[in-house]
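# Per-entry structural report
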Amino acid sequence: MSRLFGIAGVQMSVVRWDADATFEKMADLTTNIQKQFPWVSMIVFHELIVPGLVQFVTPENKDWWKKNSGPVPGPQTDRLCELARKTRKWLIPGSMWEIEGDKMYNTSVVISPDGDIVAKYRKMFPWLPYEAGTAAGDSFCVFDIPDIGRFGLCICYDMWFPEVSRQLAWMGAEVIIQPTLTPTSDRPLELVMARANALFNQCYFFSINGIGDWGGGRSTIIDPDGRILQEVGTSQTFMTEMIDLDHTSRTREYG
């Protein structure tokens, strides 16, 4: 029996300076995917989508920044958990600013269809100088989906360090999910790295990027043989793919 699992990667723009409106947009897209593609079991968004806009902290936006960050779990994850529970989908809502004590992290969570946070990952390699005020995480992240298999999670710049994906594969990951937010001209280079990470670890690799002011699109899905299953352009869209985790097993056994 094949270990089939449907995943949707959402490439969207945020609503500038409005985290509530961005969440409503995420909720609408999630609900539409649920209705149109009932076989999709997991929905993935891009890095730092939850705050509504990624921005340097300045005196002008200081209050906005504080309002749209906080503990994880906390108020900013509560409604995401409710969305997962309502739609009965696994949800990886990109990432968000997490505050713990006097430190800030770029944090991603994995939410089950029951609305429970089953994994939390703090970005290990903040991108400098942009994330200069962000602390680095110190733990790799894998999680299991019952009767399907093991997934790994990394964020954006983590992909540039091959040891991250290799460690996730050593920990048993058969699929690696990478929410990212790349607006610069090096996105074509990242597509090379996404393919390489899939190929040398013989696993699926999902790289989901944003669009608009802070994202250049070109999200992609790569299979364990390094083949490009999908690559989209720079407009708002979403990819749906039915993957088979037995493909990972076959590739690792037979090459």
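Model, not experiment: these values are computed from the prediction.

Counting its regular elements, the protein chain contains six helices and 13 strands. Radius of gyration (C-alpha) of the protein chain: 17 Å, near the 18 Å computed for a compact globule of 255 residues. In terms of overall dimensions, the protein chain has a C-alpha envelope of 55 × 35 × 35 Å along the principal axes. In the protein chain, which comprises 255 residues, the proportion classed as buried is 56%. For the protein chain, the share of sequence-separated contacts (at least 6 apart) that also reach a separation of at least 24 residues comes to 67%. On the protein chain, roughly 10900 Å² of surface is accessible, and the fraction owed to carbon and sulfur atoms is 54%.

Below, the discussion takes up the pattern of salt bridges. Counted under the stated rule, the structure contains 14 salt bridges. Across the pair Asp20 and Arg79 runs a salt bridge whose closest N-O atoms are separated by 3.0 Å. Separated by 59 residues along the polypeptide, Asp20 in helix α1 (residues 19–36) and Arg79 in helix α3 (residues 75–87) bring together distant segments of the chain. The class of Arg79 is partly exposed, set by a relative accessible area of 30%.

Tallied over the full model, the rule gives seven aromatic pairs. Here the aromatic rings of Tyr157 and Trp160 are separated by 6.0 Å at their centres, their planes lie at 50°, and the arrangement is tilted. Between Tyr157 and Phe161, the aromatic rings sit 5.2 Å apart at their centres with planes inclined by 80°, giving edge-to-face as the arrangement. Given a relative accessible area of 25%, Tyr157 falls into the partly exposed group. Among the aromatic residues, those joined into a ring-pair cluster are Phe125, Tyr157, Trp160 and Phe161. We note Arg122 situated over the ring of Tyr105; from NZ or CZ to the ring centre the distance is 3.9 Å.

On to the packing of helix α4 (residues 162–170) against helix α5 (residues 187–201). Where α4 meets α5, the closest approach of the two axes is 10 Å, and the angle between their N-to-C directions is 35°. Remark: the crossing between α4 and α5 carries right-handed chirality. Two secondary-structure elements touch here, α4 through Pro162, Ser165, Arg166 and Ala169 and α5 through Asn197, Phe200 and Asn201. A breakdown of the residues in the contact of α4 with α5 according to their chemical character gives three nonpolar, three polar and one charged.

Spanning 13 residues, α3 covers 19 Å between terminal C-alpha atoms, matching the ideal 18 Å at 1.5 Å per step. When we look at burial in α3, the residues that qualify are Gln76, Thr77, Leu80, Cys81, Leu83, Ala84 and Thr87. In a view along the axis of α3, the buried residues occupy a sector of 155°, so they form one face of it. Summarising the geometry of α3, the exposed residues directed more than 90 degrees from the buried face are Pro75 and Lys86. Packing partners of the buried residues in α3 comprise α1, β3 (90–92), β4 (96–100), β5 (103–111) and β6 (117–122).

As defined by bridge partners, β4 adjoins β5 across five bridges and the pair is classed as antiparallel. Note that in β5 the partner of Glu98 across the bridge is Tyr105.

Now for α4. Taken residue by residue, α4 has Val164, Ser165, Leu168 and Ala169 as its buried positions. With its buried residues spanning 130° around the axis, α4 presents them on a single face. Across α4 from its buried face, at more than 90 degrees, point the exposed residues Glu163 and Trp170. Buried residues along α4 sit against β7 (141–145), β8 (149–153), β9 (175–179), α5, β10 (204–208) and α6 (245–254). Of the residues trailing α4, Gly172 is marked for its positive phi of about 105°.

Calculation criteria
Residues numbered from 1 in each chain as written. Predicted model: local features only at pLDDT ≥ 70, side-chain atom pairs only at ≥ 80, totals over all residues. Heavy atoms only, no water. Helix = DSSP H or I, 4+ residues; strand = E, 2+ residues; numbered from the N terminus. Rg over C-alpha atoms; globule rule 2.2 N^0.38 Å. Buried < 20%, exposed > 50% of the residue type's maximum accessible area, 1.4 Å probe, protein only. Contact = heavy atoms within 4.5 Å. Areas by Shrake-Rupley, 256 points an atom, 1.4 Å probe, with all protein chains shown as cover. Salt bridge = Lys/Arg side-chain N within 4 Å of Asp/Glu carboxyl O. Phe/Tyr/Trp six-rings, centres within 6.5 Å; stacked < 30°, edge-to-face > 60°. Lys NZ or Arg CZ within 6 Å of the ring centre and 35° of its normal. Axes fitted to C-alpha atoms, helices over the stretch in contact; angles between N-to-C directions. Left-handed = near helix turned anticlockwise from the far one by under 90°. Nonpolar A, V, L, I, M, F, W, Y, C, P; charged D, E, K, R; others polar. Expected span 1.5 Å × (residues − 1). Arc of directions from axis to C-beta. Pairing = 2+ DSSP bridges.

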